[in-house]
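Survey of secondary and tertiary structure
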Amino acid sequence: MIQDLLNTPIEFLKGVGPKRADLLKKDAGIFVFSDLLEFFPFRYVDRSKFYTASQIEADMPYVQLRGFIKGMELHGVPRTTRITATFLDSTGRIQLVWFNGLRWIKNAFDPKVEYIVFGKPSLFNNKINIVHPEIEPVTPGALNQQSAMQAVYNSSEKLKQQGLDSRGISKLLRVLLPQISEVIPETLPDRLLQGMRLPARKLAFQHIHFPSSTDELNKVVLRFKFEELFYLQLSLLRYKLVRSEKSGGFVFASLGDFFNGFYHNHLPFQLTDAQKRVLREIRRDTLSGKQMNRLLQGDVGSGKTVVALLSMLMALDNGFQACFMAPTEILAVQHQRSLERMLAPLQASIGLLTGSTTARQRKEMLHNLKQGALRIIIGTHALIEDGVEFHKLGLVVIDEQHRFGVAQRAALWTKGKVPPHILVMTATPIPRTLAMTIYGDLDVSVINELPPGRKPIKTMLMNDSSRLRLFAFMREQIALGRQVYVVYPLINESEALDLKDLTDGYESIVREFPLPQYAVSIVHGKMKPTDKDYEMQRFVQGQTQIMVATTVIEVGIDVPNASIMVIESAERFGLSQLHQLRGRVGRGGDQSYCILMSSHKLTNDGRKRLDAMVRTNDGFEIAETDLQLRGPGDLQGTQQSGILELKIANLAKDEQIIKIARDRAREILEQDPELKNAENQIAANRMKALFKDKLFWSQIS
Ligand code: ADP
Ligand code: MG
């Protein structure tokens, strides 16, 4: 009965006809009463306050004005048309602009009527304007309804045309709330509500849509944020629990000739304390009898590869095979070569499987893999294609995880009955709040220490007017025997323009650094893999001093002798990408430099990103800044993660709440892993309702 009322199709709400219902479904995802109830405002404004035209500045948040609308004008050629109008009051005028819904707007306003105009000021052609304002005539009723904290809802142009702008949606909620408030169920266990002094859900909906004080609002916002994060954490932790209970794990009982032989006789350096700690964590996991699912975070150059290698040797010592997956062909090749070099004395054969492996090689390799003759295989995602079968796969290492999604990880697990241990490694530091959510079902290890003797990279910001100085500096460093990267943005590898920048840049470098004294390599995504590889190798072996490249060199490439990283149009890169690129230098004992070339015109965000790069070398600080600047949705590797479609919580801002939510969820699962106790019934039901149609969660049942 209760569910029935909340699940009533939205067209049955008074004030919503078939046409509006259609749009609410299409544009706002509102199908039934409860969807509207949970359509949270995205901000609140003081609608009792009016500004005058002369007070408006371009960077103000939402403002409200009272005055007249005149001079509607249609501009532009088809496809880029817009309508402008002039808003005026006794103090001045402001331009109003519309880009869509032009036909409807054109005759919508009467020049003799006074209107309330509401919207966000912005700057265009150096003039202040308001794009797509909300407008309604001044009437006593309209003025009475103005509250000091009115909810603002996202709305689409089409909804607005149907009168469902923010104000219209608010009106619907005013109709809906009294009808259903009696049947709104509580969705948090009583103990949590009491313990955290959170308002009941019924009240919370009333207050979030129609708050009467900031205090009241803060309380209900906290409740909804907590609730959202709590169920996210509960499901992640529950998933982790189920997985570790269900799937046993291989036991790597002893260490033998592979591990010990390498560790004691062939390790080219002393491990750092952090590397040793992580190895102990992996050792513990692989002894536990449960499947390891571990995320290894370590800044660029922190030495993750050798940790991966030693872990693979643990597997080999116990009769298992290991596989190492890299995001690109170049990296796979590089890993294969360096591991083969390190393992040469141990006589462990290492296979390499990528897109350019010939059919014959592939066939032979797959045969050996299935027979167990091949113990270690390195490759790209070619490794998870059909036909790749292992004799006894014990460990999978995934380098630079952010390019592999959860689905791909899952594909690996399902190959054998007992899933292999999984170690995912990333050099893209993830702010802790994100790690707790996106990777909330993994255990996390961190290498928070660089190998000794590294000098911090010096980062400088330059622009075109200092190019001659840059060239002189490059010459100086090359004379000292160093090598230089010059990287161009190529956001989309098919963009002809970017490619032209790169080849122009290459040509000017070749002019400045001519043969026979200098040699320059070039690598970009449009080249054949064999050509790329050839050029890479020339640089790796020191036959060329300069590598002009696109971001294909972004991850993992290791050339200790390279000490200068020049990044062209640096403002076009994301922060974590810049940090990745910078990590390509500073790998040997020499002082290294990162030079960010930027254009003169920088956006605010662009400036902040580059400043952050100059300010710090700390990957976690960079990641945190990136999160604050861009929000979680745009961070590398998070796009595919549906987990981030949060309704109200904000991973960039709500770290504290995330922690509390995770702790509470853990406490509950420790006492009642199956959520069977009466007091947890509410939570159990809510989990089912929330995650019933997510494939990712389907293993829970
Ligand atoms: P990343 O964590 O970025 O993958 P790598 O594994 O490529 O880093 O290591 C970077 C460089 O540091 C390599 O040249 C590697 O040989 C070296 N290295 C790794 N660990 C140590 C260590 N403990 N002492 C000295 N050098 C090390
Ligand atoms: Mg690496």
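Note that the structure is predicted; figures quoted are calculated from it, not measured.

Scoring rules and cut-offs
Residues numbered from 1 in each chain as written. Chains lettered and ligands numbered in written order. Predicted model: local features only at pLDDT ≥ 70, side-chain atom pairs only at ≥ 80, totals over all residues. Heavy atoms only, no water. Core = buried A, V, L, I, M, F, W, Y, C linked by side-chain atoms within 4.5 Å. Buried < 20%, exposed > 50% of the residue type's maximum accessible area, 1.4 Å probe, protein only. Contact = heavy atoms within 4.5 Å. Helix = DSSP H or I, 4+ residues; strand = E, 2+ residues; numbered from the N terminus. Pairing = 2+ DSSP bridges. Axes fitted to C-alpha atoms, helices over the stretch in contact; angles between N-to-C directions. Phe/Tyr/Trp six-rings, centres within 6.5 Å; stacked < 30°, edge-to-face > 60°. Lys NZ or Arg CZ within 6 Å of the ring centre and 35° of its normal. 1 Å grid on protein atoms, 1.4 Å probe; cavity = no way out; pocket = protein on both sides within 12 Å on 5 of 7 lines; lining within 4 Å. Points joined across faces, edges and corners; volume = space filled by probe spheres on them. Nonpolar A, V, L, I, M, F, W, Y, C, P; charged D, E, K, R; others polar.

**Looking at the nonpolar core**
In terms of nonpolar packing, the biggest core is built from 52 residues, with Leu188, Phe226, Phe230, Leu234, Leu353 and Ile377 touching the most fellow members. In this structure Phe226 touches Leu188, Leu192, Met196, Leu198, Ile657, Ile660, Ala661 and Arg664, once residues within four positions along its chain are discounted. Counting 42 residues, the second largest nonpolar core, distinct from the first, contains Phe250, Val278, Ile282 and Met425.

**Some points on the environment of Ile282**
Relative to the assigned elements, Ile282 resides in helix α12 (residues 273-287). Residue classification places Ile282 among the buried residues on the basis of a relative accessible area of 0%. Spatially, the C-alpha atoms of Ile282 and Asn293 are 9.7 Å apart, while their sequence positions differ by 11 residues. Once you skip the residues sitting within four places of it in the chain, Ile282 turns out to touch Met292, Arg294, Val307, Ser311, Met314 and Leu423.

**Observations concerning the sheet that holds strand β22 (residues 593-598)**
Judged by pairing direction, the sheet is parallel, and its 6 strands sit side by side in the order β17-β22-β21-β18-β20-β19 without closing on themselves. The outermost strands of the open sheet, each flanked by one partner alone, are β17 (458-463) and β19 (520-523). Neighbour-to-neighbour, the strand axes of the sheet open up by a mean angle of 20°, direction not taken into account. Seen against the sheet, helix α21 (residues 575-582) touches β17, β18 (483-487), β21 (562-567) and β22 and runs at an angle of roughly 150° to β21.

**Quick word on the packing of aromatic side chains**
In the structure shown here, the tally under the stated rule is 17 aromatic pairs. Their ring planes at 85° and their centres at 5.1 Å tell us that Phe513 and Tyr518 sit as a pair that is edge-to-face. If you follow Lys49 out to its NZ or CZ, it ends over the ring of Tyr51, 4.9 Å from the centre. Of note, Lys392 hangs over the ring of Phe320, and the distance from its end group to the ring centre comes to 4.6 Å.

**Focus on empty space enclosed by the protein**
This structure, assessed with the given rule, holds 2 cavities of 30 Å³ or more. Computed from the structure, the second largest cavity encloses a volume of approximately 40 Å³. Elements represented by at least two residues in the lining of the second largest cavity include exactly α18 (467-479) and α19 (496-512). Looking at the lining of the second largest cavity element by element, the count peaks at 4 residues for α18. A breakdown of the residues in the lining of the second largest cavity according to their chemical character gives 7 nonpolar, 2 polar and 2 charged.

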